[in-house]
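The residues making up each chain are set out below.
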Amino acid sequence: MNKVRITGTGSYAPKKVLSNQDLEKMVETSDEWISMRTGIRERHIAVNETTIDMAVKAGKAALKSSSVKAKDIDIVVVGTVTPEMVFPSTACHVQSGLGIKSGGAAFDVSAACSGFLYALDVAEKYLKGGAAAKALVVGVDQFSRIVDWKDRSTCVLFGDGAGAVVLESIEGSGRGRKARGILSSRIHSDGRKWEMLYVPGSINPSPFEHKRTELPYLRMNGNETFKVAVRTMESSIKEVLAESGLTADDITLLIPHQANRRIIKATMARMGLDNDKVYLNMDRYGNTSAASIPIALDEAARVGRIKEGDIIVFVAFGGGLTWASAIVRW
């Protein structure tokens, strides 16, 4: 069976940068409190830009870095929980905006911060099964529209952005420990814990009902989310390593969801990973939800942190609750 390989990466972040010092003027917080507790110093905020705009720009960059033309993409999968429209999907707009051929599949997946890895897993299965040969996978979110900017416990965490990869099903990618491409990919959820991290409401209330509706702002139980995040990220990494016949010592670079430095440090300690084996950029982007992993991947690739043959591990958790992981030999 052919291996599915990442042959292009791309990302986009809005021009407006909101620093911790800027937030000090908006809510009762401080640069020291934010940076010490989260590792975040600034984030990008979309102004007069939509989720669709960002997704198209990241997708265009990914196509440019690969050898694939837009007309040759068979399927577009977008991970997002902040679509510009209820429908059509963001993926359909990306398909149109990039000039990708009509007739192929285009759809969104909703898995919050795990959205990119969910989308990657779905697309990889299509390619691996022979239903498609080339895919564009995008992770994009605009949390500046759903956080309560008066809630200092959450508004300091998030930023806007998009990241994308091109996937190709390629023959002759090697066998066993020399096989290149996606070696393992796993996605999980536990809907019983949905109240730990959620955003209520997405459409107008019915005129035939008389229910009190919550404002559509993000709600999070930070302490419980921290515990679950560390536990699920550790188990997810071990799962894909075991399925690939590898150990933590084989990891060249871990690219985790950029949620919180303390969560990642705790996961690193459990896995016995040194700082030089983990890529972090949350200090400059904050938590961009589904976009965080593909933005970090694109950045790591561009600055030379990834070379052919490297073992790259991705891991994320998000609202749902959801968690996911994937392992790639570059």
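Just so you know, these numbers come straight off a predicted model, no measurement behind them.

S.K.: Would you mind going over the state of the cysteines in detail, with residue names and values included?
M.R.: Applying the stated criterion across every chain, the model contains zero disulfides. Unpaired in this structure, Cys113 has its nearest cysteine sulfur neighbour in Cys155, at a distance of 16 Å. For Cys113, a relative accessible area of 8% translates into the label buried.

S.K.: Let's hear about the pairing of strand β6 (residues 134-142): which residues, and what values?
M.R.: Of all nine residues making up β6, eight are buried, and the element is well covered by its neighbours. Across five bridges, strand β4 (residues 75-79) lies against β6 in parallel orientation. The partner of Ile75 across the bridge, within β6, is Ala135. Note that β6 and strand β7 (residues 160-170) share nine bridges and pair antiparallel. Each bridged residue has a counterpart across the sheet, and for Gln142 the counterpart in β7 is Asp160.

S.K.: Lay out the side chain of Thr82 in plain terms, naming residues and giving numbers.
M.R.: With respect to the helices, strands and loops of the structure, Thr82 is situated in the loop between β4 and α4 (90-97). What makes Thr82 buried here is its relative accessible area of 8%. When sequence neighbours within four positions are dropped, the list of residues in contact with Thr82 reads Thr51, Val140, Asp141, Gln142, Phe143 and Ile146.

S.K.: Provide a residue-level description of the sheet that holds β4, including the pertinent values.
M.R.: Read from one edge to the other, the open sheet built from five strands follows the order β1-β7-β6-β4-β5, with strand pairing classed as mixed. A single partner strand is all that each edge strand has here, and the edge strands are β1 (3-12) and β5 (105-109). Shown here is a sheet whose adjacent strand axes are inclined to one another by a mean of 20 degrees, direction ignored. Across the sheet, helix α5 (residues 115-128) lies against β1, β4, β5, β6 and β7, angled at about 170 degrees from β6, the strand it touches most.

S.K.: Can you explain the nonpolar core? Please cite residues and give values.
M.R.: Ranked by size, the top nonpolar core spans 41 residues in total, and within it Ile237, Leu241, Leu254, Leu273, Phe317 and Ile327 carry the most contacts. Contributions of two or more residues to this core are made by α6 (222-243), α7 (261-271), β12 (311-318) and β13 (322-329). By residue number, the principal contributor to this core is α6, which donates six residues. With residues up to four places along the chain from it excluded, the contact list for Phe317 reads Cys113, Ser114, Thr225, Ala229, Thr232, Met233, His257, Ala259, Ile263, Thr322 and Trp323. Grouped together as the second largest cluster of nonpolar side chains are 34 residues, Ala119, Leu120, Leu253 and Ile293 included.

Procedures and definitions
Residues numbered from 1 in each chain as written. Predicted model: local features only at pLDDT ≥ 70, side-chain atom pairs only at ≥ 80, totals over all residues. Heavy atoms only, no water. Disulfide = S-S within 2.5 Å. Buried < 20%, exposed > 50% of the residue type's maximum accessible area, 1.4 Å probe, protein only. Helix = DSSP H or I, 4+ residues; strand = E, 2+ residues; numbered from the N terminus. Pairing = 2+ DSSP bridges. Contact = heavy atoms within 4.5 Å. Axes fitted to C-alpha atoms, helices over the stretch in contact; angles between N-to-C directions. Core = buried A, V, L, I, M, F, W, Y, C linked by side-chain atoms within 4.5 Å.

Worth remembering: the numbers are spatial, not functional.
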